[in-house]
Amino acid sequence: KGYHVAVLGATGAVGQQMMKTLENREFPISKISLLSSARSAGTVLKFRGEEIVVEEATPDSFNGVDIALFSAGGSVSKIFAPEAVKRGAIVIDNTSAYRMDEEVPLVVPEVNEEDLKLHKGIIANPNCSTIQMVVALEPIRKAFGLNKVIVSTYQAVSGSGTAAIQELHEQTKAIIHGESFEPQILPVKGDKKHYQIAFNAVPQIDKFMDNGFTFEEVKMMNETKKIMHMPDLKVAATCVRLPVETGHSESVYFEVEKEGLTAKDIQEAVISGAGIVLEDNPSEQLYPMPANAVGKNDVFVGRIRKDLDEDKGFHMWVVSDNLLKGAAWNSVQIAESLIKLGLV
Ligand code: 11C
């Protein structure tokens, strides 16, 4: 059986990866609708060797659609997700629009696939930096409990879309050639100031909130608690943008409940986890790096160390392709889980 699948935001950085992932997974598709804003409508994209014209999304674009993958920004999701559901589609939304809605499951299949059974039409795909962290933490929580998480991120520009990738390329060239340039996109397109990203590190991803954290940091904290069903978990995040094109990295400090564990115990728990590849051998200088993670669906974990002062404290380094496990692959994986569980 094939499904009628719609991709909203098909021309974007994530939309493109969604199409590639559907192709690579040989997802059972009888028909695909590629949708976008008016601005990108008319673009011709290839899917399974066939040229398809991207259409401007309207509520009626979702007539007959079984599964709709959304990645065109939160305000677009707010308009079209209820319309798609009204017309019988299941929406897998890759924006922050519905993630903290109590009626909407927020799902990373390796962690809380069962939550899909509670869906009422919309399923939220978490923020990319949250997804790779909870995949790495889940087997540790299962084996040893979890009390506290402190994460610092090293995030790639593709998380901010195709215009940010272009900005990184252009600035890098300009600086190398001694030319002037005007930052226009990063750190946040809609904020007051823009800063150089090439050869820099910018400690702002998304806008600042009243509590001093950025929205990206707040997303990581809130979404982690929701996905892991741990409302009382202590989580703090600092999110930083680096001049990396694709692949988010994270330094994660966590405290378990069990006493007297070794780094090897944590490594063994991590190996048992789904969707994880352990790359952890300091004597061979083996550790995860974004350049090696690009194009892969897995979450890569390494640099596992026991804290030198806190018996229950450990450190690890977590890397994944933010456009794949962080977005497109997690969304398609949710769709595969829906089929597996008989929910579509
Ligand atoms: C970034 N994590 O790297 C962001 C992108 O809430 O889905 C994803 C934003 C989101 O800029």
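Definitions and cut-offs
Residues numbered from 1 in each chain as written. Predicted model: local features only at pLDDT ≥ 70, side-chain atom pairs only at ≥ 80, totals over all residues. Heavy atoms only, no water. Axes fitted to C-alpha atoms, helices over the stretch in contact; angles between N-to-C directions. Helix = DSSP H or I, 4+ residues; strand = E, 2+ residues; numbered from the N terminus. Left-handed = near helix turned anticlockwise from the far one by under 90°. Contact = heavy atoms within 4.5 Å. Nonpolar A, V, L, I, M, F, W, Y, C, P; charged D, E, K, R; others polar. Domains from an automatic or database assignment. Buried area = accessible area lost by both parts, 1.4 Å probe. Salt bridge = Lys/Arg side-chain N within 4 Å of Asp/Glu carboxyl O. Phe/Tyr/Trp six-rings, centres within 6.5 Å; stacked < 30°, edge-to-face > 60°. Lys NZ or Arg CZ within 6 Å of the ring centre and 35° of its normal. Pairing = 2+ DSSP bridges. Core = buried A, V, L, I, M, F, W, Y, C linked by side-chain atoms within 4.5 Å. Buried < 20%, exposed > 50% of the residue type's maximum accessible area, 1.4 Å probe, protein only. 1 Å grid on protein atoms, 1.4 Å probe; cavity = no way out; pocket = protein on both sides within 12 Å on 5 of 7 lines; lining within 4 Å. Points joined across faces, edges and corners; volume = space filled by probe spheres on them.

Colleague: It is not clear to me how the packing of helix H4 (residues 128–144) against helix H7 (residues 263–272) should be interpreted in this structure. Could you clarify?
Modeller: Relative placement of two packed helices is described by the angle separating their axes and the distance separating the axes. As a packed pair, H4 and H7 sit with axes 8 Å apart at the nearest point and diverge in direction by 115°. Here H4 runs over H7; the crossing is right-handed. Here Ala136, Pro139, Ile140, Ala143 and Phe144 of H4 come into contact with H7, specifically with Asp265, Ile266, Ala269, Val270 and Ser272. Taken together, the residues of the contact of H4 with H7 sort by class into 8 nonpolar, 1 polar and 1 charged.

Colleague: Would you mind showing me how to read the domain arrangement of the chain here?
Modeller: Note: interface size is frequently given as the accessible area lost on complex formation between the parts. Examined at the domain level, the chain breaks down into domain 1 (3–125 + 327–340) and domain 2 (130–322). Domain 1 puts 17 residues into the contact, and the matching count from domain 2 is 19 residues. Both sides of the domain 1 and domain 2 interface together cover about 1500 Å² of buried area, and 65% of this is carbon and sulfur. Of all residues in domain 1, Leu106, Glu110 and Val111 give up the largest surface area on contact with domain 2, accounting jointly for 33% of the area buried on that side. Here domain 1 is connected to domain 2 by 1 salt bridge.

Colleague: What am I meant to see in the packing of aromatic side chains here?
Modeller: Centre distance and the angle of the planes are the two values used to describe a pair of aromatic rings. By the definition in use, this model includes 5 aromatic pairs. Put simply, the rings of Phe62, Phe70 and Phe80 touch in pairs and so form one group of aromatic residues. Looking at Lys78, its charged tip hangs above the ring of Tyr98, at a distance of 4.5 Å from the centre.

Colleague: How should the sheet that holds strand E5 (residues 55–56) be read in this particular structure?
Modeller: Two orientations exist for strands paired in a sheet by backbone hydrogen bonds: parallel and antiparallel. The strand order across the open sheet formed by 6 strands is E5-E2-E1-E6-E7-E8, and the pairing between neighbours is parallel. Strands with a single pairing partner mark the edges of an open sheet, and in this sheet they are E5 and strand E8 (122–124). Sheet topology note: the strand E1 (residues 3–8)/strand E6 (residues 67–70) ladder contains 4 bridges and is parallel. Bridge assignment links Val7 to a residue of E6, and that residue is Leu69. Together, E1, E6, strand E7 (90–93) and E8 form the strand contacts of helix H9 (residues 324–340), whose direction differs from that of E7 by roughly 150°.

Colleague: It is not clear to me how unusual backbone geometry should be interpreted in this structure. Could you clarify?
Modeller: The phi torsion of most residues other than glycine is negative, and most of the peptide bonds are trans. Going from Leu186 to Pro187, the amide bond is cis rather than trans, its omega being 10°. For Phe199, which is not glycine, the phi torsion reads 55° and is therefore positive. Here Phe199 lies in the loop between helix H5 (162–176) and helix H6 (215–227). Positive phi outside glycine occurs at His229, with the angle close to 55°. Within the secondary structure layout, His229 lies in the loop between H6 and strand E10 (234–241).

Colleague: Can you walk me through the nonpolar core in this structure?
Modeller: Within soluble globular proteins, side chains that are nonpolar tend to cluster in buried spots. Counting 56 residues, the largest nonpolar core has Phe254, Ile266 and Met316 as the members making the most contacts within it. With 8 residues, H4 is the single largest residue contributor to this core. Mapping this core onto the domain boundaries places at least three of its residues in each of domain 1 (3–125 + 327–340) and domain 2 (130–322). With residues up to four places along the chain from it excluded, the contact list for Phe254 reads Leu137, Ile140, Leu146, Lys148, Val149, Ile266, Lys312, Gly313, Phe314, His315 and Met316. Of all hydrophobic cores here, the second largest spans 33 residues; its members include Ala13, Leu45, Ile92 and Val107.

Colleague: When you look at the layout of surface pockets in this model, what are you seeing that I'm missing?
Modeller: Unfilled space is identified by rolling a water-sized probe across the atoms. A volume near 1500 Å³ is recorded for the largest pocket. Considering the residues around the largest pocket, the lining is formed by 46 residues, among which Ala72, Gly73, Gly159, Ser160 and Gly161 are closest to the centre. Split into classes, the residues belonging to the lining of the largest pocket amount to 14 nonpolar, 24 polar and 8 charged. Lining the lining of the largest pocket are residues from two domains, each supplying at least three of them: domain 1 (3–125 + 327–340) and domain 2 (130–322).

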